[in-house]
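Here is what each chain is made of, one letter per residue.
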Amino acid sequence: MLGLKLLTDPRWANIAEDNIEEILTDHAWCEQKAATNAISLIMLNSQYEDLVTTLTEIAIEEMEHFKMVHEIIKERGYKLGMQREDDYVSKLYKFMKKDGSRNDAFIDRLLFAAMIEARSCERFRVLSENIKDGELAKFYRDLMISEANHYTTFLKFARKYTERIDVDKRWKEWLDFEGKLIQSYGKKEFVHG
Ligand SMILES: [Fe+2]
Ligand SMILES: [Fe+2]
């Protein structure tokens, strides 16, 4: 699925379902961070008109997702907790190339975003297929489709705007790195936990 090297053990969905308030809080903040990341990409790369147009739509869509998760939290009488550090994303961030040319860094930032979208999409699929709560199962199936589209969009822009990075080769390196990284996760009630 999406080229991912390792699929999540479905038992992770049970951990998530047993801690639904926690997972919803973490999920809400994941959506906020995705919106913030899209806005940062717009700020740093405003010369690309189609990228600005599409990432504006993505930023809005991610905040719509935030709103949807927040609505569920409120309907169920839960509280939106504080955001926590996402250890998995921090490790991906460290892997991202920040040296080289401006274009090199831009392309790797698009791949960083594509990687998070791909794994989030996979985690939403695992939730949608394994949790007993019908409302949430449907919710996660819908979001899975949306995040898959974002994944495709980020990869498409990386291929379009690269100047010298071989995107397919570098994407394989991302998939290999992430495949090893994710082995340490799958045991906690976070979207990337
Ligand atoms: Fe989203
Ligand atoms: Fe997304």
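Keep in mind it's a predicted model, so treat the numbers as computed, not measured.

Parameters at a glance
- Residues numbered from 1 in each chain as written.
- Chains lettered and ligands numbered in written order.
- Predicted model: local features only at pLDDT ≥ 70, side-chain atom pairs only at ≥ 80, totals over all residues.
- Helix = DSSP H or I, 4+ residues; strand = E, 2+ residues; numbered from the N terminus.
- Rg over C-alpha atoms; globule rule 2.2 N^0.38 Å.
- Contact = placed C-beta atoms within 7 Å.
- Axes fitted to C-alpha atoms, helices over the stretch in contact; angles between N-to-C directions.
- Parallel < 35°, antiparallel > 145°, perpendicular 65-115°, else oblique.
- Left-handed = near helix turned anticlockwise from the far one by under 90°.
- Nonpolar A, V, L, I, M, F, W, Y, C, P; charged D, E, K, R; others polar.
- pLDDT = per-residue confidence, 0-100.

## Describing the overall build of the chain
For the chain, the count of helices and strands is seven helices and zero strands. Each helix (α) and strand (β) of the chain, taken in turn from the N terminus, gives the series α-α-α-α-α-α-α. Computed over its C-alpha atoms, the radius of gyration of the chain comes to 16 Å, within 12% of the 16 Å expected for a compact globule of 193 residues. If you line up the chain on its principal axes, its C-alpha atoms span 50 × 30 × 25 Å. Sequence-distant contacts, at least 24 apart, represent 75% of the contacts inside the chain between residues at least 6 apart.

## Details of the environment of glycine 179
With respect to the helices and strands, glycine 179 occurs in helix α7 (residues 167-181). Along the primary structure glycine 179 and leucine 6 are separated by 173 residues, whereas in three dimensions their C-alpha atoms are 5.6 Å apart. Each residue touching glycine 179, except ones within four places of it in the same chain, is listed here: Lys5 and Leu6.

## Overview of the packing of helix α2 (residues 20-44) against helix α3 (residues 49-75)
Running from N to C, α2 and α3 point in directions that differ by 165°, and their axes come no closer than 8 Å. When the interaxial angle is binned, α2 and α3 end up roughly antiparallel. Relative to α3, α2 is oriented so that their crossing is left-handed. Along the lines of polarity and charge, the residues of the contact of α2 with α3 split into 17 nonpolar, five polar and two charged.

## Some thoughts on the confidence of the model for the chain
Put simply, the chain has an average pLDDT of 95, and 99% of its residues get 70 or more. The secondary-structure element of the chain with the lowest mean pLDDT is helix α1 (residues 11-18), recorded at 93, while α3 shows the highest, at 98.

## So, the environment of lysine 187
Tracing the backbone through its elements, the reader meets lysine 187 in the segment after α7. Along the sequence, lysine 187 and isoleucine 15 sit 172 residues apart, while their C-alpha atoms lie 7.2 Å from each other. If we skip the residues at most four places from it in the chain, lysine 187 touches Ile15 and Gly193.

## Notes on the packing of helix α5 (residues 102-130) against helix α6 (residues 134-161)
Two numbers describe how α5 lies on α6: the axes approach to 8 Å, and their chain directions differ by 160°. As judged from the angle between their axes, α5 and α6 are roughly antiparallel. When you trace α5 past α6, the crossing you get is left-handed. Classifying every residue of the contact of α5 with α6 by side-chain character gives 21 nonpolar, three polar and four charged.

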